[in-house]
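What follows is the residue order along each chain.
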Amino acid sequence: MVSQTTYLFDTTIEENLRIAKPDATRGELEDACRQASVHDFIMTLPDGYRTRVGALGSNLSAGERQRIGLARAFLRDSDFILLDEPTSNVDSINEGIILKALLAQKKKRGILLVSHRESTMAIADRVYRMEKGRLYG
């Protein structure tokens, strides 16, 4: 599950990612981060993946935390991913990269995506709308 608010522990980016898959290789970590459009950012940091994120990820922006949360989901490689507003804190460029990665993920796992953004929902096979407590399909 990737929620709108990603919680990180006061440790390194790498250790926060390994929560999803403790035995992940460096290549797997980097691939998941590329898919989540956060690898390039991480590589600009002085300590790269060994950069400490601060209490609750306070050294990172909301968008950076959210992309690390998404990388965790990709790294976990489960059969199903639940995403709650996965692009709410990212710009349109990163949203596009993330949506492209989610499209690729649809081929190998089920994805349930909750979002208010029309642009995010554009990748969905089926869209349901909630209006005044009623579900419309």
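Analysis parameters
Residues numbered from 1 in each chain as written. Predicted model: local features only at pLDDT ≥ 70, side-chain atom pairs only at ≥ 80, totals over all residues. Heavy atoms only, no water. pLDDT = per-residue confidence, 0-100. Helix = DSSP H or I, 4+ residues; strand = E, 2+ residues; numbered from the N terminus. Axes fitted to C-alpha atoms, helices over the stretch in contact; angles between N-to-C directions. Parallel < 35°, antiparallel > 145°, perpendicular 65-115°, else oblique. Left-handed = near helix turned anticlockwise from the far one by under 90°. Contact = heavy atoms within 4.5 Å. Nonpolar A, V, L, I, M, F, W, Y, C, P; charged D, E, K, R; others polar. Buried < 20%, exposed > 50% of the residue type's maximum accessible area, 1.4 Å probe, protein only. Pairing = 2+ DSSP bridges. Core = buried A, V, L, I, M, F, W, Y, C linked by side-chain atoms within 4.5 Å.

What follows deals with the confidence of the model for the protein. When pLDDT is averaged along the protein, the result is 92, and 100% of the positions lie at 70 or above. When pLDDT is averaged over each element of the protein, helix 1 (residues 13-17) comes out on top at 98 and helix 6 (residues 118-121) at the bottom at 87.

With that settled, the discussion passes to the packing of helix 4 (residues 62-76) against helix 5 (residues 92-105). Their axes nearest at 12 Å, the elements helix 4 and helix 5 cross at an angle of 15 degrees. When the axes of helix 4 and helix 5 are compared, the pair comes out roughly parallel. Crossing handedness for the pair helix 4 and helix 5: left-handed. Seen from helix 4, the contacting residues are Arg-67, Leu-70 and Phe-74; seen from helix 5, they are Asn-94, Ile-98, Ala-101, Leu-102 and Gln-105. Class assignment for the residues of the contact of helix 4 with helix 5 results in five nonpolar, two polar and one charged.

Note on placement: Arg-134 falls in strand 4 (residues 134-136). Residue Arg-134 is classed as exposed on the basis of its relative accessible area of 56%. Placed 101 residues apart in sequence, Arg-134 and Cys-33 show a C-alpha to C-alpha distance of 37 Å.

Here five bridges tie strand 1 (residues 80-84) to strand 2 (residues 110-114), and the two strands are oriented parallel to one another. The residue bridging Phe-80 from the neighbouring strand is Gly-110, located in strand 2.

Moving on, we come to the nonpolar core. By size, the foremost hydrophobic cluster in this structure holds 33 residues, and its most contacted members are Ile-13, Leu-17 and Phe-74. When contributions to this core are tallied by element, the ones reaching two or more residues are helix 1, helix 2 (26-35), helix 3 (39-44), helix 4, strand 1 and helix 5. Tallying contributions element by element places helix 4 first for this core, with six residues. Once residues within four sequence positions are removed from consideration, Leu-17 is found in contact with Leu-29, Cys-33, Tyr-49, Ile-68, Ala-71, Arg-72 and Leu-75.

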